[in-house]
Every structure is written in structure tokens, then in C-alpha cells.
Amino acid sequence: MTSREYETPPPASAPGSLTQRALVPLGQLGLAAVGLYVAVESVSLGLWTTLGPGPGLLPLILGAALFMLTAIWAIQTVVERRRGAVDDEAAAEPLDRIYVIGVVGGLIALAIAMPFLGFQISMAVFLFAELLVLGRQRWWIAAAVAAVGSFGVFVLFDRVLAVQLPLSSLPFLSGVGL
């Protein structure tokens, strides 16, 4: 008897199994449908007004981006399957629960903090913490990305696009424009 006879077949949910291979195209189809739906429905909101961008412009951009990125992902999946270039070690790697919990927990904390601290401070702290702890970036890189991702985005939306982002509800922070 060889050692292969003693091996048990992989469970149905193992990476590379038929169930897993069927879920990826279904997920891609679902994401593409959501992106297309958002893009089509955003046109009815109005893309431009006399004052500038309308309420449908950003959803149109995001819906089209989701559709295009999903299409690229689907093409990559087909090419990899045809080449047989699926890396078994990478496919067998389990999902890092600590990472997922850190991201989801950070987003929940961001949603809780934003009404009190405002967009700029809460987003800066969120980005800095996520990049430093989960992304394992150097502190100065995390600080630079957090500054641009919070204060830079706030200036872009507030000054250029005339879209208001939440300010702090605390009097001492809202008094200085945060």
C-alpha cells in the first residue's frame, strides 16, 4: 500500500474544490450586477447641477469602477484557470481572522467616533491605526497617508466639490473648524 491510499479527500469547502470554484464566479457576477445597477440608477439622481457635481455623479463613478474592477478580476480568474497557475499554497492559506476583525472593528469605531470627533480627526486616527498596526507600515508613512487621507480628502470635498463632511459635535473642536 502506498501513502496515497491513506489520504482522505479534501472537504467540499476546501480551497480549489468544486464548491469554492463555483462561488468565485457567482461572487463576481453579483458584484458586477451591483456595480451596473448603481451606475444605471445614479443617472436618475442627476449628474450635474448649476452649482457643480450632482448627487448621482459619485455613485456613477463608484458603480462603474466596481463593474470594471470586477470584470478585470473575472478575466484574471479565467486566465489563471486556463494556465493552471493557481498557487495551491496561497489558496490553502486560511483567512486571517485577526486582520478581518481589526478592519471591521476599526470601521465600527470610526462610525461611532465620527459624529463626535468629525471627519478629519476620526479618519486620521483610523487610517493611522490601521496602517500602523494591521498594515505594519512605518509610523511616518502611516502618518503621511492618514494626513492626506483625512485632511486632504476633507479639503477636496469641502472646498472643491462643495460636499459637506461631518464636523465635530464637540464645541471646542467645532470652534476651530474640525
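Conventions and cut-offs
- Counting of residues starts from 1 at the beginning of each chain's written sequence and follows it residue by residue.
- Residues qualify for local features only when their pLDDT is at least 70, as the model is predicted, and side-chain atom pairs are given and counted only at 80 or more; totals for whole chains, interfaces and linings, by contrast, use all residues.
- Excluded from the side-chain calculations are hydrogens and water; all other atoms, namely the structure's heavy atoms, are used.
- Every helix listed is a DSSP run of H or I at least four residues long, and every strand listed is a run of E at least two residues long, numbered separately from the N terminus.
- Buried means the residue's accessible area, taken with a 1.4 Å probe over protein chains only, is under 20% of the maximum for its type, while exposed means over 50%, and partly exposed covers the values in between.
- Two residues form a contact once any of their heavy atoms are found within 4.5 Å.
- Areas reported here follow the Shrake-Rupley algorithm with a probe of radius 1.4 Å; residue values treat only the protein chains shown as occluding.
- Pairs were defined over the aromatic rings of Phe, Tyr and Trp, the Trp ring being its six-membered one, requiring ring centres within 6.5 Å. Orientation was assigned from the angle between planes: stacked under 30 degrees, edge-to-face over 60, tilted for the rest.
- Throughout this description, the term nonpolar core refers to a set of buried Ala, Val, Leu, Ile, Met, Phe, Trp, Tyr and Cys residues connected via side-chain atoms within 4.5 Å.
- UniProt positions are given in the numbering used here, feature names are shortened, and annotations may be inferred rather than shown by experiment.
- Under the convention used throughout, the expected extent of a helix is 1.5 Å for every residue step, that is, one less than its residue count.
- In the analysis that follows, any N or O atom pair within 3.5 Å is treated as a polar contact, provided that within protein one partner can donate a hydrogen and the other can accept it, and provided that, for residues neighboring in sequence, both atoms belong to side chains.

A.B. asks: Outline the overall build of the protein chain, listing residues and values.
C.D. replies: What the protein chain contains, in helices and strands, is 6 helices and 2 strands. Reading the secondary structure of the protein chain in the N-to-C direction produces α-β-β-α-α-α-α-α. Split into buried and exposed, the 178 residues of the protein chain put 18% on the buried side. Once local pairs closer than 6 in sequence are excluded, the contacts in the protein chain between residues at least 24 apart make up 54%. With an accessible surface of roughly 12,900 Å², the protein chain has 71% of that area assigned to carbon and sulfur atoms.

A.B. asks: Requested: an account of the packing of aromatic side chains, with residues and values cited.
C.D. replies: What the rule picks out here adds up to 1 aromatic pair. Residues Phe-119 and Phe-154 carry aromatic rings whose centres are separated by 6.5 Å and whose planes lie at 25 degrees to one another, so their mutual orientation is stacked. Remark: Phe-154 occurs in helix H5 (residues 139-160) and Phe-119 occurs in helix H4 (residues 97-134); sequence separation between them is 35 residues. Residue Phe-119 shares its accessibility class with Phe-154, and that shared class is buried.

A.B. asks: Go over the nonpolar core, please, and point to the residues and values.
C.D. replies: With 8 residues, the main nonpolar core is built from Leu-110, Met-114, Phe-119, Met-123, Phe-126, Leu-127, Ala-146 and Phe-154. Broken down by element, this core gets its largest block of residues, 6 residues, from H4.

A.B. asks: Describe the UniProt feature "transmembrane region" (unreviewed entry) in the protein chain, and please don't skip the residues or the numbers.
C.D. replies: The positions UniProt marks with the feature "transmembrane region" (unreviewed entry) are residues 29-51, 57-79, 99-127 and 139-157. Helix makes up 100% of residues 57-79 and strand 0%, with an end-to-end C-alpha separation of 33 Å. Secondary structure across residues 139-157 divides into 100% helix and 0% strand, with the first and last C-alpha atoms of the span separated by 26 Å.

A.B. asks: Can you explain helix H2 (residues 57-83)? Please cite residues and give values.
C.D. replies: Since the α-helix advances by 3.6 residues per turn, residues separated by three or four positions end up pointing in the same direction. Over its 27 residues, H2 extends 39 Å from the first C-alpha to the last, a length consistent with the 39 Å expected when each residue adds 1.5 Å. Of all the positions in H2, only Gly-63, Thr-70 and Thr-77 are classed as buried. Immediately beyond the C-terminal end of H2, within one or two residues, lies Gly-84, with a positive phi of roughly 70 degrees.

A.B. asks: Could you give an account of the side chain of Ser-122, with specific residues and numbers?
C.D. replies: Looking at the secondary structure, you find Ser-122 in helix H4. Overall, the relative accessible area of 5% leaves Ser-122 in the buried class. Polar contacts involving the side chain of Ser-122 include one to the main-chain carbonyl oxygen of Gly-118, which spans 2.5 Å. Contacts of Ser-122, omitting those with residues within four sequence positions, involve Leu-110, Ala-113, Met-114 and Leu-117.

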